[in-house]
Amino acid sequence: MKIIIDDLSKPKVIQLLTEHLDGMKANSPPESIHALDLEALRKPEITFWSAWEGLEVTGCGALKRLTVHHAELKSMRTAKSHLRKGVATHLLHHILTKAKERGYKQVSLETGTTEAFKPAHKLYERFGFSYCEPFSDYSDDPFSTYMTKQL
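Given the structure is predicted, the values throughout are model-derived calculations rather than measurements.

Criteria and thresholds
- Residues numbered from 1 in each chain as written.
- Predicted model: local features only at pLDDT ≥ 70, side-chain atom pairs only at ≥ 80, totals over all residues.
- Heavy atoms only, no water.
- Helix = DSSP H or I, 4+ residues; strand = E, 2+ residues; numbered from the N terminus.
- Contact = heavy atoms within 4.5 Å.
- Pairing = 2+ DSSP bridges.
- Axes fitted to C-alpha atoms, helices over the stretch in contact; angles between N-to-C directions.
- Core = buried A, V, L, I, M, F, W, Y, C linked by side-chain atoms within 4.5 Å.
- Buried < 20%, exposed > 50% of the residue type's maximum accessible area, 1.4 Å probe, protein only.
- Phe/Tyr/Trp six-rings, centres within 6.5 Å; stacked < 30°, edge-to-face > 60°.

1. Overview of the environment of glutamate 45
Consideration 1: Examined against the element boundaries, glutamate 45 turns out to sit in the loop between helix H2 (38-41) and strand E2 (46-53).
Consideration 2: Once you skip the residues sitting within four places of it in the chain, glutamate 45 turns out to touch Leu63, Lys64 and Arg65.

2. Here we look at the sheet that holds E2
Consideration 1: Taken in spatial order, the seven strands line up as E1-E2-E3-E4-E5-E7-E6 in an open sheet, and their pairing is mixed. Sheet topology places strand E1 (2-5) and strand E6 (130-131) at the edges, where each strand pairs with a single neighbour.
Consideration 2: Two elements, E2 and strand E3 (residues 56-65), share eight bridges in a ladder whose sense is antiparallel. Opposite tryptophan 49, over in E3, you have glycine 61 as the bridge partner.
Consideration 3: Its contacts with the sheet place helix H1 (residues 11-27) against E2, E3 and strand E4 (70-78), and it is angled at close to 100° to E4.

3. Points about the nonpolar core
Consideration 1: In terms of nonpolar packing, the biggest core is built from 21 residues, with Leu63, Leu73, Met76, Leu92, Val107, Tyr124 and Phe129 touching the most fellow members.
Consideration 2: Counting only elements with at least two residues in this core, the list comes to E2, E4, helix H3 (87-101), strand E5 (106-112) and helix H4 (118-126).
Consideration 3: Take this core: its biggest share by element is seven residues, from H3.
Consideration 4: Contact partners of leucine 63, with chain neighbours within four places excluded, come to Glu45, Ile46, Thr47, Trp49, Ala71, Glu72, Leu73, Ile95, Ala99, Tyr104 and Val107.
Consideration 5: Among the nonpolar cores identified, the runner-up in size contains 14 residues, and Val13, Ala40, Ile46 and Ala62 belong to it.

4. Here's the deal with the packing of aromatic side chains
Consideration 1: For the structure on display, the rule yields four aromatic pairs.
Consideration 2: Consider the rings of phenylalanine 135 and tyrosine 138, whose centres lie 5.0 Å apart with planes at 65°: the pair is edge-to-face.
Consideration 3: Centroid distance phenylalanine 135 to tyrosine 146: 6.2 Å. Interplanar angle 90°. Geometry classified as edge-to-face. Here tyrosine 146 lies in strand E7 (residues 144-150) and phenylalanine 135 lies in the loop between E6 and E7, a separation of eleven residues in the sequence.
Consideration 4: Owing to a relative accessible area of 9%, phenylalanine 135 belongs among the buried residues under this scheme.
Consideration 5: For tyrosine 146, a relative accessible area of 5% gives the class buried.
Consideration 6: Each member of the aromatic cluster is reached from another via a ring pair, and the members are Phe135, Tyr138 and Tyr146.

Spelled out as structure tokens, the structure:
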């Protein structure tokens, strides 16, 4: 698997992000969706990675700088055809390694609470993320779960 910094211009990546946003809309009410669209992912404080097997995009993820020492994990998604093949594990390991290299001391995330998000919770727990209170600009929301990890 090849993981690259992506400029969000490839049709296959755009399709994966559309799938990601559609999944958020299907599993959370509109006011509880915190997934970023293409334009938001292109902001300078965000680095976006895509994962590839040959010519097929297998997944994506992003890291958003919150402060000098704190970053947020965003837009983690595995392509439907590559679920349960270790894509998310490889991507998360890669992103956390990059976060350490950049000097971050903490990485946090927001994800949903419905059944569709349970595999994500398990992945983050395996990587040592613990549940926490809302961070940054987030507030209490029954459809949001917050997790954090000290690096």
